[in-house]
Amino acid sequence: MTEPRGLLNSRLHGESLTPNLDLTMPLDPAVRDALDDVLRDEPQSDELKSRVRQLVSNWFDHNSTDDDVIRVVRQVRVNIEQDD
Amino acid sequence: MQVLIRGWSCRDLRGGLRNLSVDLGTPPARWTLVQMPNGTGKTTTMQLLTAVLTAHDWTVDEVQALRPTVATTSGGFELRLLVDNQPLSLAVEFDFVAGTAEYSTTRVRALGGGKEPGILLPDLLRAMLTKDFARLVVFDGELARHIRDLKRNEAALAIQRLYRLELIDTLSQTAERYLESEKLRALSSRAKTNAGLKKKQALRDEAEYQLGQLLVEREDLDRQRDKHFEDRARFEGLITTRVGVDSKRKALLESKRADEQTAVADTRAASQRLLELLRTPATVHERVLARLRALGGKLDQLKLPQTMSQEFFHELADQDVCVCGRPISATEHDAILARAPHYLAENQIAIINAMKSAIRTATAEHDELQRLADAINVADRRRRLAAEAVQALVEDAAAEGDLAIAKAQSDLMRVANLLAAIESRLEVLSGPIPAGADAWKRNIKAAQAEFEARKRALDDATETRRLALQTAWLTDVLHRVRARAEARLTEDIRARTNQKLIRLIPSESIEVARIDGALVLSSDEGGARGGVSEGQSLAVAYAFLTSLFEAASYQLPFVVDSPAVSLDVRVRREVASLVPDLFHQMIMFVISSEREGFADGFYAKPGARFITVWRNQAGEVNMSQDLAVFKAFHTDVEPDAESAGVKS
């Protein structure tokens, strides 16, 4: 759970990352803009929105863990009484 | 990420690939033109390049097809790459006796390294290089036809892969997996005390399964419908062509078909409006309106719903003294709360208030209703008359002895019946929720509602309701982000493609109207699909591919077979001037007829590499990297070995 996802995948496929092979890529502007557009009107705190942006960015870099996802999910503010 | 091809080697393979090593230099040339006549192994080389990139699973027959002679027991192929400037070689070794293929990877690593079994590409590349995607990188020209085929979805998939939009889905799936694991944990820890939980889970799974089945069925029906639409268009086209031999009859046929379509559109519009009216019962008839007004009056008379609120009793129970002045003890408090559910809750009150308001403002519109019903009848009669006229014209032509018309007409009726059955089933599947307890087993909307209700019941029972809502928020946000990003990328790529098409095909206004799974050309939407030539189709494919790759974070090599063979010389020159700057490495397999207008555009480019491969009279394959040989080569004239700097 706490292992970086890229590394975990590499191990699953019998492979380890080489330190001299940087395979990360920046978040595409189309995804970044879409994130900003969608989050803008969401009734959540600025801090949570910023964490979601960071999570997506790290996920694209294969630099986040399942625990990071869970932490962000647990911080989402919801109305438990709301109907579906 | 940047991937370059450094070269490849073939050993003991069929099609002239007995002993051939192609080196593209250090650093690899940006443009390499490989002139290989038919029979020297061009198709096999393309197949092997794709196979090692995608770790293709070879069948015994495929392996045997590469065997050059019965005496040869093994052969091999190696592709040499540079991945972000690190050398990496992918190889496949064929055992022709056993009919097997073994992959290996050789790479430089901080620890270990050397040759290892399997295709060990970096994760990002391996995830992207599926068989479908690899066809865009090792481009065999066949895709040019498919890229605008409505049934295929390679264009949309390529955008998703190249811009890694699937990663957004995996992020959502991770959150959902965690929610599921929490539910399972709750179930297992409470199963002994609450057997009902397992039942709730089974009920949710049942609804989820049913929903999945209905969605698959709809997809299947949509596919069948598309195919029947195509068949129908084909048969109608055939009939029009045959009937069109008589120009007067043709004009009449077209006019009647247009009448039929207009009548269908009119019926649809009137039916739509009629359905909207029927959703408001008060508009149906004055008597219905009068009765509803009477109901509204009674609600007012009873002061409903203001005096009957559950919330009022909840608030009252918490007071020390009742409205009648008597004290409220624990006994009264509990009694009031126990009876509160007999009264209306806030959401029910809101519905009743909305009803009252609607009744107050409603007016009967039965004149409108009658007018629409008449309009539908008239339009339907027009449709029937037009259809009968079409039928009569076709029968006249068939009666004159045209068997092809009779056959097409019978096929058309068969397809129409199939389409009607599919439309009818789709109506039940995708239409509004029908009445009846088991609607969720037949209707997608009902199945979705049932699934949501059962999911919620399970969430409540496992006390994971909060987590479910939190997960739902995140996955909904991610879903919208993905849709928005994909729409933006698709539109951007479409606009870039069209800009290039203006340059490539200036004489005709061919443009990509939308990328909807595949590329849809404006001429497709106009119904004139046959109007695009193979060369134009290839130009569309190039314009799209270059647009697709130019803004992506991946820099991949582009390998193409016969890039200009179906293009006329003018379009060739345009393609040759447009394409090279857009790929950071291009390897083009050409034949001698593609030199004019295409290959000659590369002669003056510094660093371009020109390789000629041919088979001599003894059947051996030779190779030259001399531009002079490349320029002068003809399939039927073997170059002079010494002057050509031949390697064999």
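Each chain carries its own residue numbering, running from 1 in the direction its sequence is written. Chains carry letters from A onward and ligands carry numbers from 1 onward, assigned in written order. Selection of residues for local features in this predicted model requires a pLDDT of at least 70, selection of side-chain atom pairs for listing and counting requires 80 or more, and totals for whole chains, interfaces and linings are taken over all residues.

Residues and elements named next belong to chain B. Here a strand pair is declared whenever DSSP counts at least two bridges between the two strands. Helix and strand assignments come from DSSP, with helices taken as H or I runs of at least 4 residues and strands as E runs of at least 2, each series counted from the N terminus. Spatially, six strands are ordered S2-S1-S4-S5-S6-S7 in an open sheet, and the strand pairing comes out antiparallel. The open sheet has two free edges, formed respectively by strand S2 (17-23) and strand S7 (114-117), since each of these has just one partner strand. Within this sheet the neighbouring strands show an average axis-to-axis angle of 20°, counted without direction. For strand S6 (residues 100-107) and S7, the ladder comprises four bridges, and the chain directions are antiparallel. Bridging across to S7, Thr106 finds its partner in Lys115. Here contacts are defined at the residue level, using C-beta atoms placed from the backbone and a cut-off of 7 Å between them. A fitted line through C-alpha atoms serves as each axis, taken over the contacting stretch for helices, and the angle formed by two N-to-C directions is quoted from 0 to 180°. The sheet contacts of helix H1 (residues 42-54) involve strand S1 (3-13), S2, strand S4 (74-83) and strand S5 (86-95), and relative to S4 the element is tilted by about 65°.

Residue and element names in this part refer to chain B. The contact between helix H17 (residues 465-504) and helix H20 (residues 569-578) brings their axes to 9 Å, and the two run at 135°. With respect to H20, the axis of H17 lies oblique. Here Lys500, Arg503 and Leu504 of H17 lie close against H20, whose contacting residues are Val571, Glu574, Val575 and Leu578. Asp, Glu, Lys and Arg are counted as charged, while Ala, Val, Leu, Ile, Met, Phe, Trp, Tyr, Cys and Pro are counted as nonpolar; the rest, among them Gly, fall into the polar class. Considered class by class, the residues forming the contact of H17 with H20 number four nonpolar, no polar and three charged. For this classification, under 35 degrees means roughly parallel, over 145 means roughly antiparallel, 65 to 115 means roughly perpendicular, and everything else is oblique.

A separate point is unusual backbone geometry. All names here are of chain B. For the peptide bond that leads from Thr26 to Pro27, omega is -10°, which places it in the cis range. Residue placement: Pro27 occurs in the loop between S2 and strand S3 (31-35). For Ala55, which is not a glycine, the phi torsion comes out positive at approximately 50°. Within the element layout of this structure, Ala55 appears in the loop between H1 and helix H2 (60-65). Since 17 C-beta atoms lie within 10 Å of it, Ala55 is described here as partly exposed. For Asn85, which is not a glycine, the phi torsion comes out positive at approximately 70°. Secondary-structure assignment places Asn85 in the loop between S4 and S5. Using C-beta atoms placed from the backbone, we call a residue buried if 20 or more other C-beta atoms fall within 10 Å of its own, exposed if 12 or fewer do, and partly exposed for counts in between.

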